[in-house]
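Chain by chain, the residues run as shown.
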There are 2 protein chains.
Amino acid sequence: MKKIAKTENVAPVVLKDNIAEGKTVIMARSNHLCGIGCRLTTKINVNIGTSSASIHKEKEVEKARVAEAYGADTITDLSMGGDITGIRKQIQSNTSVPLTTVPIYQCVAEHSLNNLTAGDLLAQIEEQVKEGISSIVLHFITPQLLQQLKTSNRVFAMVSKGGSFTSLYMIKNNTTNPYLEHFDEILQILKEKDVVLSLGNTLRSGCVHDTPDEIQKQEIELNAALAKRANDSCVQVIIEGMGGHIAPALITKHVRYQKQIANRPLFVSGPLPTDIAIGYDHIAASIGAAMASGAGADYLCMITPAEHLCLPDVEHIKEGLIAFKIAAHIGDSIKYSPSDSDKQLAIHRSQLDWGQQLSYAIEPQRPRQLCPKDGKCTMCGKYCAVKTMKNYLEQT
Amino acid sequence: MKKIAKTENVAPVVLKDNIAEGKTVIMARSNHLCGIGCRLTTKINVNIGTSSASIHKEKEVEKARVAEAYGADTITDLSMGGDITGIRKQIQSNTSVPLTTVPIYQCVAEHSLNNLTAGDLLAQIEEQVKEGISSIVLHFITPQLLQQLKTSNRVFAMVSKGGSFTSLYMIKNNTTNPYLEHFDEILQILKEKDVVLSLGNTLRSGCVHDTPDEIQKQEIELNAALAKRANDSCVQVIIEGMGGHIAPALITKHVRYQKQIANRPLFVSGPLPTDIAIGYDHIAASIGAAMASGAGADYLCMITPAEHLCLPDVEHIKEGLIAFKIAAHIGDSIKYSPSDSDKQLAIHRSQLDWGQQLSYAIEPQRPRQLCPKDGKCTMCGKYCAVKTMKNYLEQT
């Protein structure tokens, strides 16, 4: 914890107080700790995992490796195809950053929704916690909220996969939310291994025209109440916010609203401020993510260029993650102030020192390929404004 | 003009009034008109052109073609190497969108700064105007402002190339600004062919730590006064704003400040909200550009991934332009509201109709390559939340 305080430039006592108040969580895997929340830099999560239609264990492990190499703070394994436990173990042995899961995914893949019981869900949570998972996502959708969806005029009723599984379980069994019913038992399981509970966002918008509505607000309020209960039971909590798709003019307002309802680490997926950037959703989402982070979001779920199209490839993970590193950095420049790295890079740039410049780059490989040969930049050639004006000012 | 009013969904009388008041300009090349300013969608300019260190005529023509094909609203030819007039003519015969130049570039390349006279500058402007150029950029830096630069604590004194040429001309000849001296003659030349005058931004910041300072404010005020004089002489004007590099927390504030000083079409380069995204400056700048456009900037100068590194390739132009199309669209969603294209794409997406979805995409080629084969998306495979929840809501 002292290490986090030092890296993040926060007084240890402030960090400690924020953790005690639930404003900050420490997500851990063995000795690797990741602080998320108040006064800390914005963190990035990368989703990976097989689907029922694309099962390539090695590819998922490679995605995890690349995600960690390019600076992902956490990884979420969403595998639903193949040997799920085996894939998760492989990912764990090839990475060191905290790992999150959505336990109902494996339950549905292995039991099918028709046979699933609340006991299966609890057993799955317990099993994954024992394995050393750092955080789990559970969706606290209620029958009342589901009922309200029926009369809403949303374009997308629901886009959360974990939320839809939980909903379908409830509908098929004509029952209440299984996690709510067994909340205290779940908290007990999580508390023992200090696993972070991520309160899922079932009712996020699926397009920018579906503006945050009353149903979403009720979910935010429910999650805020559950966060308090979890914290009271010594379980750390992250709240998934109204991410997904949100009109850009509303991002700042809604992030602040959520922070006001619950001053807990806020996780947002994207958000995408437009729907028409398909194929380039990582760029659109990085614009939304910079705005959300700048407004107070603590933790971003990276979006790849393959979003809405197919399971991402390794290259898509890399591409999306770089865009999100930029977004998080810009968000932090708004939350706090422009970094010393920006200043150092600028100073070396003003001295036309390309080599030193790149040591401050978010990702140095691509600029290195484009870098001027022999220090001779082809952009302006001999007509370099920086050089000529520097000469003038130094000579006079 | 009626066509612009219709495409942009503005009443013709409003458009006419805004043009009369100088809030909107119409940049024209033959029959191709581009409206920039109040109540219109955000436009994008693409810079191309040879440098003294990279002279490939065909490549520049290809960049111009690609820029137009991918939706650039205007092109600026900044050539300083090779047969500059020939390159410009080739670009003109291969494109139809309005073309801008910075006449001093060709003067410096062909006369060298040592021999340049104010007469050469005026002759160059006249020559390019006769050729059918749509807009020219002139820099109105003054000896007083140059003097102030000497005592400023900026990391970068000046990063504007056109501004540095104008400054060096003034320093070498120990004279005042040549454009200011001959302003009425220049306005007369521009008026005859209805060429738009773009008031250059010589003193923009070169890094995010160089916050907009008093010197920049003085330039903005000078440009505002010149804009009024030009409008009074029936010359249309665009003002280049404090773009370049600007801390993200200051973007909205400064765009609004500039609009308040002069309610004229505002052109911003980028802006880059961080310096450490080198190699990916198109992504960083698209985040800044979305914020600037959302705050009121009317016209964006696209930044490529090669910025600060080398003259861009054709692929860099394409990559940067797509990012800026996304940024401008998001900016317009803030200025106005999310578009009908967003809604239409979302509706088709909710129906899992990939083909129709892509007809609303900002750039359909990449998503088409990633698109689900036989309509089967590999992202969630058989566990598609959209599909299952849709079924539930329709059945009950």
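Only a predicted model underlies this, so the values are computations on that prediction, with no experimental measurement involved.

*Asks:* Would you mind showing me how to read the packing of aromatic side chains here?
*Replies:* Two descriptors summarise a pair of aromatic rings, namely the distance from one centre to the other and the angle between the planes of the rings. All names here are of chain B. Tallied over the full model, the rule gives 10 aromatic pairs over all chains. Seen from their ring centres, Tyr105 and Phe165 are 5.6 Å apart, and the 85 degrees between their planes marks the pair as edge-to-face. You can see Tyr105 sitting in helix 5 (residues 103-115) and its partner Phe165 sitting in helix 8 (residues 161-173), a full 60 residues away along the chain. Seen in terms of ring centroids, Phe267 and Tyr299 are 4.3 Å apart; in terms of plane orientation they differ by 40 degrees. Their pairing is tilted. One end of the pair, Phe267, is in strand 9 (residues 266-269); the other, Tyr299, is in strand 10 (residues 299-301), and 32 residues separate them in sequence.

*Asks:* Just to check I follow, could you spell out the relation of the copies chain A and chain B for this structure?
*Replies:* Copies of the same chain, two in number, are related to each other by a rotation about an axis and a translation along it. Superposing chain A onto chain B requires a rotation of 180 degrees together with a translation of 0.0 Å along the rotation axis, leaving an RMSD of 0.0 Å. On the angle and the small slide along the axis, the relation comes out as a two-fold axis. Minimal C-alpha distance to the rotation axis in chain A is attained by A:Ile287, lying at 2.4 Å. The overlap is high: 100% of the interface residues of chain A also sit at the interface in chain B, so the same surface is used on both sides.

*Asks:* Help me understand the domain arrangement of chain A in this model?
*Replies:* The extent of an interface is frequently quoted as the accessible surface area lost upon association of the parts. Residues and elements named next belong to chain A. In terms of domain boundaries, chain A breaks down into domain 1 (42-335) and domain 2 (340-395). Taken over C-alpha atoms, the centre of domain 1 sits 40 Å from the centre of domain 2. Facing 5 residues of domain 1, the contacting portion of domain 2 comprises 4 residues. Approximately 420 Å² of surface area, both sides summed, lies buried where domain 1 meets domain 2, with 67% of it carried by carbon and sulfur atoms. Looking only at domain 1, the three residues that lose the most surface to domain 2 are Tyr70, Ile322 and His329, adding up to 71% of its buried area. Taken together, the connections running from domain 1 to domain 2 amount to 0 salt bridges. The interface formed by domain 1 and domain 2 contains 2 residue pairs in polar contact (both at pLDDT 80 or more).

*Asks:* How should I be thinking about the interface of chain A and chain B in this particular structure?
*Replies:* Each partner contributes residues to the interface: chain A has 98 residues there, and chain B has 98 residues. When chain A packs against chain B, the two sides together hide about 8400 Å² of surface, and 73% of this comes from carbon and sulfur. Where chain A meets chain B, there are 2 salt bridges. As a salt-bridge pair, A:Arg366 and B:Glu319 come within 2.8 Å of each other at their nearest N and O atoms. Counting the contacts that link chain A with chain B gives 28 residue pairs in polar contact (both at pLDDT 80 or more). Residue contributions to the side of chain A that touches chain B peak at 10 residues, all from helix 14 (residues 314-335) of chain A.

*Asks:* Looking at this model, I keep getting lost on the nonpolar core. Mind explaining?
*Replies:* Burial of nonpolar side chains together is a common tendency in soluble globular proteins. Core analysis: the largest hydrophobic core is formed by 192 residues, its most contacted members being A:Leu197 and B:Leu197. Judged by nonpolar contacts, the second largest core, of 14 residues, contains A:Leu358, A:Cys371, B:Ile276 and B:Ala306.

*Asks:* I would appreciate a short explanation of the sheet that holds strand 5 (residues 99-101) of chain A in the present structure.
*Replies:* Within a sheet, neighbouring strands are paired by backbone hydrogen bonds and run either parallel or antiparallel to one another. Residue and element names in this part refer to chain A. The parallel closed barrel is built from 8 strands, whose spatial order is 3-4-5-6-7-8-9-10. Taking the axes of each pair of neighbouring strands and ignoring which way they run, one obtains an average angle of 25 degrees across the sheet. With 3 bridges connecting them, strand 7 (residues 196-199) and strand 8 (residues 237-240) associate as parallel partners. By the bridge assignment, Leu199 is partnered in strand 8 with Ile239. Contacts from helix 4 (residues 84-94) reach strand 3 (43-48), strand 4 (74-77) and strand 5, with the element oriented near 160 degrees to strand 5.

Rules used in this analysis
- Residues numbered from 1 in each chain as written.
- Chains lettered and ligands numbered in written order.
- Predicted model: local features only at pLDDT ≥ 70, side-chain atom pairs only at ≥ 80, totals over all residues.
- Heavy atoms only, no water.
- Phe/Tyr/Trp six-rings, centres within 6.5 Å; stacked < 30°, edge-to-face > 60°.
- Helix = DSSP H or I, 4+ residues; strand = E, 2+ residues; numbered from the N terminus.
- Least-squares fit on C-alpha atoms with pLDDT ≥ 70 in both.
- Contact = heavy atoms within 4.5 Å.
- Domains from an automatic or database assignment.
- Buried area = accessible area lost by both parts, 1.4 Å probe.
- Salt bridge = Lys/Arg side-chain N within 4 Å of Asp/Glu carboxyl O.
- Polar contact = N/O pair within 3.5 Å; in protein donor to acceptor, adjacent residues only side chain to side chain.
- Core = buried A, V, L, I, M, F, W, Y, C linked by side-chain atoms within 4.5 Å.
- Buried < 20%, exposed > 50% of the residue type's maximum accessible area, 1.4 Å probe, protein only.
- Pairing = 2+ DSSP bridges.
- Axes fitted to C-alpha atoms, helices over the stretch in contact; angles between N-to-C directions.

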